[in-house]
Amino acid sequence: MPEPIVYAILAMACYGFSDFIYKQAATAGIRADHFLMAQAWVFCPTVIVYALATGTMTFTLAALWGSLAGGLYFVGFYFFIRSLAAGAVSTNATIFRLNFIVTVTLSIAFLGEHLTTTRMAGLVLALTATWLLVGTGSLAGSASSPVQRKSLIQVTVATIAFGTATFFHTVGLRSGAGPEILMVAQAAVFMPLATFIVFHAKGTVRLPAATFKYSLPASIALLCATLFLLRGLALGQASALVPIAQMGFIVAALLGIFVLREAVTVRKAAGLAFALCALAALAAS
């Protein structure tokens, strides 16, 4: 199996584990903005120490693409969380998962990547798997009231921002920046923004101790996922690798089945089957 595909699959596994922890934190009543800030507090110093230890803390102007990505990742997470106040989690999560379409479109339009027949088939299968595993079966009626329409606009902004952020990381890699320095630049923007939002809302940055029980492992998983994805993107094409990495919901679904003993429905089984076919098609593209 090609090395970039291996990196993308490892990123997918780490994203899925991170999502699983996020669900556990939400069940435990951890506020989403608290979780993001605590996650940023762990992610930022950890990635800096890692970059210093590996000798990859070499700043170049191309690393500023990582800073732009960090700002857009924050916008993506922030508006996604805001959208959940009025929108259904299942519907909005489905839309948000489709952020890889934005990355693929931008990569084809501006980086000259090719959309082969096999890759197109993989994308269609990935979309179907996303709809089956995350969606409710229909997005109809999701904008039936002004509040719900606002929620839909917010999650759409979040999706575009997140997909564009991944594209900016790809541009940074193509411009000569290394994965580690891009992650440092990302964290240097994301952490202050996440901290400001909590302080602005609560007047303090003190967090319940239980928050770190979930944010610590989630941060490590997210750091590994980002590093694996960027290393893959340094070697391969975003239009094939990003959809694979963004299918972390496969891992989250499997953990739900085997760890939480969630029921295996026909829809869930079909979603997993489509996801595996998508992985095979994208890996072959």
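Scroll up a little and you will see the structure.
Reference entry: report on the structure contained in this document. This one's a predicted model, so the numbers in the text were calculated from it and none came from an experiment.

Quick notes on the overall build of the protein chain
- From N to C terminus, the protein chain includes twelve helices and zero strands.
- Starting at the N terminus, the α and β elements of the protein chain follow one another as α-α-α-α-α-α-α-α-α-α-α-α.
- For 285 residues, the compact-globule formula gives about 19 Å, and the C-alpha radius of gyration of the protein chain, at 18 Å, lands near that figure.
- In terms of principal-axis extent, the alpha carbons of the protein chain reach across some 45 × 45 × 40 Å.
- Put simply, 88% of the contacts in the protein chain that link residues at least 6 apart link residues at least 24 apart.
- Accessible surface, the protein chain as shown: approximately 12500 Å² in total, 72% of it carbon and sulfur.
- Between the averaged position of the 15 positive side-chain charges in the protein chain and that of its 6 negative side-chain charges there is a distance of 12 Å.

A few points about the nonpolar core
- L233, M247 and I250 are the most contacted members of the largest nonpolar core, which has 74 residues in total.
- Contact partners of L233, with chain neighbours within four places excluded, come to T170, L173, R174, A238, L241 and V242.
- Membership of the second largest hydrophobic core comes to six residues, among which are A25, I30, F35 and Y214.

What about the packing of aromatic side chains?
- Overall, the coordinates contain 15 aromatic pairs when judged by the stated rule.
- Aromatic side chains W41 and F212 sit 6.5 Å apart centroid to centroid with 25 degrees between the ring planes, which places their arrangement in the stacked category. Of this pair, W41 sits in helix 2 (residues 32–53) while F212 sits in helix 9 (residues 210–235), and the two are 171 residues apart along the sequence.
- Judged by its relative accessible area of 28%, W41 is partly exposed.
- Judged by its relative accessible area of 31%, F212 falls in the partly exposed class.
- Taken together through their ring pairs, the aromatic side chains of Y73, F74, F77, Y78, F79, F80, F96, F162 and F190 make up a single cluster.
- The cationic tip of R267 hangs over the ring face of W131; the distance from NZ or CZ to the ring centre is 4.9 Å.

Some words on the environment of R261
- Here R261 is to be found in the loop between helix 11 (249–258) and helix 12 (266–284).
- Measuring from C-alpha to C-alpha, the distance between R261 and T116 comes to 39 Å, with 145 residues separating the pair along the chain.

Description of the environment of L235
- With respect to the helices, strands and loops of the structure, L235 is situated in helix 9.
- Spatially, the C-alpha atom of L235 lies 9.4 Å from that of L173, the residues being 62 residues apart in sequence.
- Each residue touching L235, except ones within four places of it in the same chain, is listed here: E3, P4 and Y7.

Notes on the layout of surface pockets
- Here the second largest pocket is characterised by a volume of approximately 150 Å³.
- Forming the walls of the second largest pocket are R31, D33, L36, F74, Y78, I81, R82, A194, I197, V198 and A201.
- Elements represented by at least two residues in the lining of the second largest pocket include exactly helix 2, helix 3 (64–83) and helix 8 (179–202).
- Its residues assigned to classes, the lining of the second largest pocket shows eight nonpolar, no polar and three charged.

Here we look at the pattern of salt bridges
- Here the structure, examined in full by the defined rule, presents five salt bridges.
- The partner of R97 in a salt bridge is D19, and the shortest N-O contact between them spans 2.8 Å. On the criterion of sequence distance, the pair formed by R97 in helix 4 (residues 89–97) and D19 in helix 1 (residues 3–27) is long-range, its members being 78 residues apart.
- Between R31 and D33 there is a salt bridge; the shortest N-O distance is 2.6 Å.
- The exposure class assigned to D33 is buried, which follows from its relative accessible area of 17%.

Conventions used here
Residues numbered from 1 in each chain as written. Predicted model: local features only at pLDDT ≥ 70, side-chain atom pairs only at ≥ 80, totals over all residues. Heavy atoms only, no water. Helix = DSSP H or I, 4+ residues; strand = E, 2+ residues; numbered from the N terminus. Rg over C-alpha atoms; globule rule 2.2 N^0.38 Å. Contact = heavy atoms within 4.5 Å. Areas by Shrake-Rupley, 256 points an atom, 1.4 Å probe, with all protein chains shown as cover. Lys, Arg positive; Asp, Glu negative; His and termini not counted. Charge placed at Lys NZ, Arg CZ, Asp CG, Glu CD. Core = buried A, V, L, I, M, F, W, Y, C linked by side-chain atoms within 4.5 Å. Buried < 20%, exposed > 50% of the residue type's maximum accessible area, 1.4 Å probe, protein only. Phe/Tyr/Trp six-rings, centres within 6.5 Å; stacked < 30°, edge-to-face > 60°. Lys NZ or Arg CZ within 6 Å of the ring centre and 35° of its normal. 1 Å grid on protein atoms, 1.4 Å probe; cavity = no way out; pocket = protein on both sides within 12 Å on 5 of 7 lines; lining within 4 Å. Points joined across faces, edges and corners; volume = space filled by probe spheres on them. Nonpolar A, V, L, I, M, F, W, Y, C, P; charged D, E, K, R; others polar. Salt bridge = Lys/Arg side-chain N within 4 Å of Asp/Glu carboxyl O.

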